[in-house]
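# Secondary and tertiary structure notes
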Amino acid sequence: MTATRNLLSVADLGADGIDEVLKLTDSFVEVSQRDIARVPALRGKTVVSLFYEDSTRTRLSFETAARRLSADTMTFSVSTSSVKKGESLKDTIQTIDAMGVDAIVVRHRCSGVPWQVARWSTSAVINAGDGWHEHPTQALLDCYTIRQRLGGVAGKHIAIVGDIKHSRVARSGMIAFTALGADVTLVAPHTLLPPSLDGWPAAVSTDLDAVLPKVDVVYLLRLQNERMTEALLPSAREYTARYGLTRARAATLAEGAIVMHPGPMNRGVEIAAEVADEPYAVITQQVANGVAVRQAVLFLLLGAGGPIAA
Ligand code: NCD
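About the criteria used
Residues numbered from 1 in each chain as written. Predicted model: local features only at pLDDT ≥ 70, side-chain atom pairs only at ≥ 80, totals over all residues. Heavy atoms only, no water. Near = heavy atom within 4 Å. Polar contact = N/O pair within 3.5 Å; in protein donor to acceptor, adjacent residues only side chain to side chain. Areas by Shrake-Rupley, 256 points an atom, 1.4 Å probe, with all protein chains shown as cover. Helix = DSSP H or I, 4+ residues; strand = E, 2+ residues; numbered from the N terminus. Nonpolar A, V, L, I, M, F, W, Y, C, P; charged D, E, K, R; others polar. Salt bridge = Lys/Arg side-chain N within 4 Å of Asp/Glu carboxyl O. Buried < 20%, exposed > 50% of the residue type's maximum accessible area, 1.4 Å probe, protein only. Pairing = 2+ DSSP bridges. Axes fitted to C-alpha atoms, helices over the stretch in contact; angles between N-to-C directions. Contact = heavy atoms within 4.5 Å. Left-handed = near helix turned anticlockwise from the far one by under 90°. Domains from an automatic or database assignment. Buried area = accessible area lost by both parts, 1.4 Å probe. Phe/Tyr/Trp six-rings, centres within 6.5 Å; stacked < 30°, edge-to-face > 60°. Lys NZ or Arg CZ within 6 Å of the ring centre and 35° of its normal.

### A short note on the site of the ligand
Around the ligand, the neighbouring residues are Arg 57, Thr 58, Arg 107, His 135, Gln 138, Arg 168, Val 169, Arg 222, Gln 224, Pro 262, Gly 263 and Pro 264. Side-chain polar atom of Thr 58 to an oxygen atom of the ligand: 3.0 Å apart, as the coordinates give it. Gly 263 is positioned such that a nitrogen or oxygen atom in its backbone is 2.8 Å from a nitrogen atom of the ligand. Isolated, the ligand exposes 320 Å² of accessible area, and the fraction of that covered by the protein chains is 94%. Listing elements by their share of the shell around the ligand, those giving two or more residues are helix H2 (57-68) and helix H6 (168-179). For the shell around the ligand, the residue count by class is three nonpolar, five polar and four charged.

Structure, rendered in structure tokens:
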């Protein structure tokens, strides 16, 4: 990451870059346990969040991370901005850039937008989710959580289950997990898999019951109905019957296996309500780790090699 100013794809980091982020995250997790979790590392820097798509945890997580580093934060709310008056993305970026910001955290429903923003802006650009394409900081916090709970990612068997086709989380996760030496199996009905899996370093199965007892991690995805342009499933109930992590299915997991979900969860669809609250479901830990991972990313992009704590 030291060689680049942006974080657009998790593939740009490679195994060494991911390791660098995870190691630095350890320091921020340690800082977060102090009475005062704030450090002055990015004092005087400004981080803008530019979210053209709904978000709860990713936006709050980036803003919390920036504040814990003493950076100033600005939130650009599309629904109350001049975007509603027809301002183009390019003009919006140039306007933000002219204010002298240091980082733009961008989420957009179209794949590739963060690359475009990086071309138009002189600030560091962080991809907080572009369409069906990538969500690099989610993959990093997931790697961190797996490492924390299972001691490492290498050699682990990870099943990513559900709406793979529309999921940027699945794509970035698969790239990061395999870069660190995990085996990934994608589990979904054919209609929820991408039309071509050429170049995807993963096995594929349509049979969740056969895969579950063999894995260390079950990573569940939400059915992203807002991205489905056609009927891909008979019904949510039938999806749950074959692919939902019910209590009975969870009982077939190996000892020590963990259950993950990027949120937002649809309890009762891809995950049974009570399974989500079991100790082996690490979903709230993912959220907690997300802040420290994003601190590490902001620090690496903007910290100019200075110390974390003065
Ligand atoms: C995901 C997203 O928006 O890509 N959530 C997240 O960022 N934690 C997944 C989703 O929307 O289902």
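What follows picks up the thread again.
### Some points on the pattern of salt bridges
Counting across every chain of the model gives eight salt bridges. Two residues, Asp 209 and Arg 249, come together in a salt bridge whose shortest N-O distance is 2.6 Å. Taken together, the positions of Asp 209 in helix H7 (residues 208-211) and Arg 249 in helix H9 (residues 247-250) put the pair 40 residues apart, joining distant regions of the chain. A salt bridge links Glu 278 to Arg 247; its shortest N-O distance comes to 3.6 Å. Taken together, the residues Glu 278 in the loop between helix H10 (273-276) and helix H11 (283-302) and Arg 247 in helix H9 connect sequence positions 31 residues apart. On the accessibility criterion, Glu 278 (22% relative accessible area) is partly exposed. Connected through shared salt-bridge partners, Arg 247, Glu 274 and Glu 278 make up one network.

### Focus: the sheet that holds strand E3 (residues 103-108)
Spatially, E2-E1-E3-E4 is the arrangement adopted by the four strands of the open sheet, whose pairing is parallel. Bordering the open sheet on either side are strand E2 (72-77) and strand E4 (124-130), each of which pairs with just one other strand. The sheet shows a mean angle of 15° between the axes of neighbouring strands, direction not considered. Where strand E1 (residues 46-51) lies against E2, six bridges are found, and the strand directions are parallel. Bridged to Val 47 within E2 is Thr 73.

### A look at unusual backbone geometry
Following Gly 263, the chain continues to Pro 264 via a peptide bond in cis, the omega torsion being -5°. Looking at the element boundaries, Pro 264 is found in the loop between strand E9 (258-260) and H10. If you check the backbone angles, Ser 70 has positive phi at about 70° while not being a glycine. Looking at the secondary structure, you find Ser 70 in the loop between H2 and E2.

### Overview of the environment of Val 117
In this fold, Val 117 is placed in helix H4 (residues 113-120). Here the alpha-carbon distance between Val 117 and Glu 274, two residues 157 residues apart in the chain, equals 42 Å. Those residues in contact with Val 117 that lie beyond four places of it in its chain are Leu 89, Ile 93, Ile 104, Val 106 and Val 125.

### Examining the packing of helix H1 (residues 14-32) against H11
Viewed as axis vectors pointing N to C, H1 and H11 meet at an angle of 115°, and their least axial separation amounts to 8 Å. Judged by the sense of rotation from one axis to the other, the crossing of H1 with H11 is right-handed. On the side of H1, the interface is formed by Glu 20, Val 21, Leu 24, Thr 25, Phe 28 and Val 29, while H11 contributes Ala 292, Val 293, Gln 295, Ala 296, Val 297, Phe 299 and Leu 300. Here the contact of H1 with H11 is built from residues that sort into ten nonpolar, two polar and one charged.

### Digging into the domain arrangement of the protein chain
Interfaces are often sized by the accessible area lost when the parts come together. Parsing the protein chain into structural domains produces domain 1 (10-134 + 289-302) and domain 2 (136-286). Taken over C-alpha atoms, the centre of domain 1 sits 25 Å from the centre of domain 2. At the junction of the two partners, domain 1 supplies 30 residues and domain 2 supplies 27 residues. Buried surface at the junction of domain 1 and domain 2, both sides included, amounts to about 2,400 Å², of which 62% is carbon and sulfur.

### Side note on the packing of aromatic side chains
Here the distance between the centres and the angle between the planes together describe a pair of aromatic rings. By the definition in use, this model includes four aromatic pairs. Pairing Tyr 52 with Phe 76 gives two aromatic rings, centres 6.2 Å apart and planes at 40°, and the pair type is tilted. Of the two residues, Tyr 52 is situated in the loop between E1 and H2 and Phe 76 in strand E2; the sequence distance between them amounts to 24 residues. Taken as a pair, Tyr 52 and Phe 76 share a single burial class, namely buried. Taken together, a centroid distance of 6.4 Å and an interplanar angle of 50° make the contact between Phe 177 and Tyr 219 tilted. In this pair, Phe 177 is assigned in helix H6 and Tyr 219 in strand E8 (residues 217-220), connecting sequence segments 42 residues apart. Like Phe 177, the residue Tyr 219 is buried in the burial classification. Sitting above the plane of the Phe 62 ring, Arg 294 keeps its charged end 4.9 Å from the centroid.

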